[in-house]
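# Fold and geometry: a report
Spelled out from the first residue to the last, the chains are:
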Amino acid sequence: MLPFTRPTLDAATIESVCDVLRSGWLTSGPKVQAFERELSLILGNRPVRSLNSGTAALEIALDLIDIRAGDEVITTPLSWVATANVIVLAGATPVFVDVDPVTRNIDLNLIKAAITPRTRAIIAVDLAGLPVDRDALYALATAHQLRVIEDAAQSFGANWRGKPIGSFGDLIAFSFHANKNITTGEGGCLVLPDMALIPLCEKLRLQGVVRTSDGSMEVDVAGGKFNLTDIAAAIGLGQLPHLTAFTERRRELARQYFAQIDPAWGFELPLADMTQSNWHMFQLVLPLARMRISRGEFIAQMRLLDIALGVHYPPIHLFALYRKMGFGAGQFPHAEHIGAGTITLPLFPGMTDEDVTRVCVALRKTLLENLR
Ligand SMILES: *Cc1c(COP(=O)(O)O)cnc(C)c1O
C-alpha cells in the first residue's frame, strides 16, 4: 500500500532520539535550544520559539496580539479545521472569505469587503504549500491596520519571491506534525516580528512562569502547556539538514505528476508553481458531475489498487460547529466545490518515480471506468 505521505527519518536521527532517551533529560532542554537556533538560522535570524504543535503556535499568536471576544478574524474556509478553531477558542469571531479557484488559497480580492470596524487580523493559509501572495496580503493588512498571522503549517521550505516563508512578515506559525514536510512527530514553532515579544511568548508557552535571579519564580499571566520535548527536538534537528533535498524531491515528483496526468482526463489540477511552493500536497479535484461514483467510492477503488488517497479538506464552515454559528452551504462556492471533490495524491520524499507512474495509471483507469 502506497500511503499519501510518510515521514523520512534517517538512522542518525533515530540514534539521536535514543541518545536523548539515554541522557535522562526528556523534556525541553538542550535539544530544544539547538533546534530553535537552527530554525532561526533558516528563517533569516528571526526570533523563533518551538512549541508542541502548530495549533499551539496559532493560539499563542492570537494571544500575543490580544485577540479577544468581540474581535473578528478573517480566514479561509479551505484549511485544516485548526485554523478556524483557534479563533473560536480565543473567543473571537471567524469571518470566512472564499478561496481563489486557481490557487485554492484565500481570495485576497474578496477580503476588503469582509473587513468591518471589528476586524483585527487575517489568518492566511498556504494550502498544500503554495504561498499566498505576500505582497498583496501585507499591502492589504497595512492599508487596513490589520495584523497578519501566517498559518504556514504546510509551507515550511516554501518561499515568496525567493525569500523563505517565515523569514519576513508579521507572525508565522509552522507545524511539525508527522505529515508535514519537516516533522518532530508532533510539534511546531512561532516566528515573532520582534524580540520584545519573546518573554511573553515564553510565558504563554509554559504556565506563565518566569524564573527569578534568586532561584525562585513569578507568574503574572495564565500561560498554557505548549513546550516541545527534547525527544521531539532531536527528530527536528535530524530533519532540518534534509530540508532542501526534501523540497527538491517533492517538486520533482510534482513535475512528474503534471507530465503524466493528461488534463483531458478531466481532473482539475493544482497551480503548477515549480519555484515557490514546497509541494506539501498534490491535490486533484474530481469531476464529480461527470462521474457515476462518489469520492468515497473512488478512494475505495484506488485502495484496491494499493494506493491510499487523502482528503484535505472538507470546508470548515460546513462542520456542525460552524453551521451552529450560522454558516451554511452556498456561502463559499469555490471552497465548497474544491472541498467536495478534492483528493490528495501520494507525495513524499521517499516515493519513487515508479510510484508516480503507478498512481497515474490507477487514476486514469479508475476515472475512465466510472465516467457517466
Ligand atoms: C497541520 C496544520 C495545522 C495544525 O498543526 P498541528 O501541528 O497539527 O497542530 C494548522 N493549520 C494547517 C493549515 C495545518 O495543515
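Right, let's walk through the structure included here. Source: prediction; values computed, not measured.

## Here's the deal with the side chain of D107
Within the secondary structure, D107 is located in the loop between β3 (93–96) and β4 (119–125). In this structure, D107 is buried with no salt-bridge partner, the nearest side chain bearing the opposite charge being R104 at 13 Å. Polar side-chain contacts of D107 include one of 3.0 Å to the backbone nitrogen of N109. Beyond its immediate chain neighbours, meaning those up to four positions away, D107 contacts V97, D98, V99 and D100.

## Topic: the pattern of salt bridges
All told, the structure shown has 17 salt bridges when counted by the stated rule. Between D126 and R134 there is a salt bridge, and its shortest N-O distance comes to 2.8 Å. By relative accessible area, which is 1% here, D126 ends up buried. Assessed through its relative accessible area of 2%, R134 is described here as buried. Of the charged contacts in the structure, one is a salt bridge between E150 and R134, with a shortest N-O distance of 2.8 Å.

## So, the environment of V88
Here V88 shows up in helix α4 (residues 82–89). On the basis of relative accessible area, V88 is assigned to the partly exposed category, the value being 27%. Along the backbone, V88 and L321 are 233 residues apart, and their C-alpha atoms lie at a distance of 9.9 Å. Contacts of V88, omitting those with residues within four sequence positions, involve P94, Y322 and M325.

## Examining the pairing of strand β13 (residues 342–345)
Residues of β13 alternate between two faces, with T342 and T344 on one and I343 and L345 on the opposite face, all of them buried. Direction of pairing for strand β12 (residues 282–285) relative to β13: antiparallel, over a ladder of 4 bridges. By the bridge assignment for β13, F282 is matched with L345.

Rules of the game
- Residue numbers here run from 1 along each chain, matching the order of that chain's written sequence.
- Local features in this predicted model are restricted to residues of pLDDT 70 or higher, and side-chain atom pairs are both shown and tallied only at a pLDDT of 80 or more, whereas totals for entire chains, interfaces and linings draw on every residue.
- Remark: hydrogens and water are excluded; side-chain values derive from all non-hydrogen atoms of the structure.
- Only runs of H or I of at least four residues qualify as helices and only runs of E of at least two qualify as strands under DSSP, and these elements are numbered from the N terminus.
- With a 1.4 Å probe rolled over the protein chains alone, any residue whose accessible area is under 20% of its type maximum counts as buried; one over 50% counts as exposed, and the rest are partly exposed.
- Charge counting follows a simple rule: Lys and Arg are positive, Asp and Glu are negative, and His as well as the terminal groups are ignored.
- Salt-bridge detection follows one rule: a side-chain nitrogen of Lys or Arg within 4 Å of a carboxyl oxygen of Asp or Glu.
- Whenever two N or O atoms come within 3.5 Å, that pair is a polar contact, provided that in protein one can donate a hydrogen and the other can accept it, and provided that, for residues adjacent in sequence, both atoms are side-chain atoms.
- Whether two residues are in contact is decided by their heavy atoms, any of which lying within 4.5 Å being enough.
- Strand pairing is assigned whenever DSSP detects at least two bridges linking the two strands.

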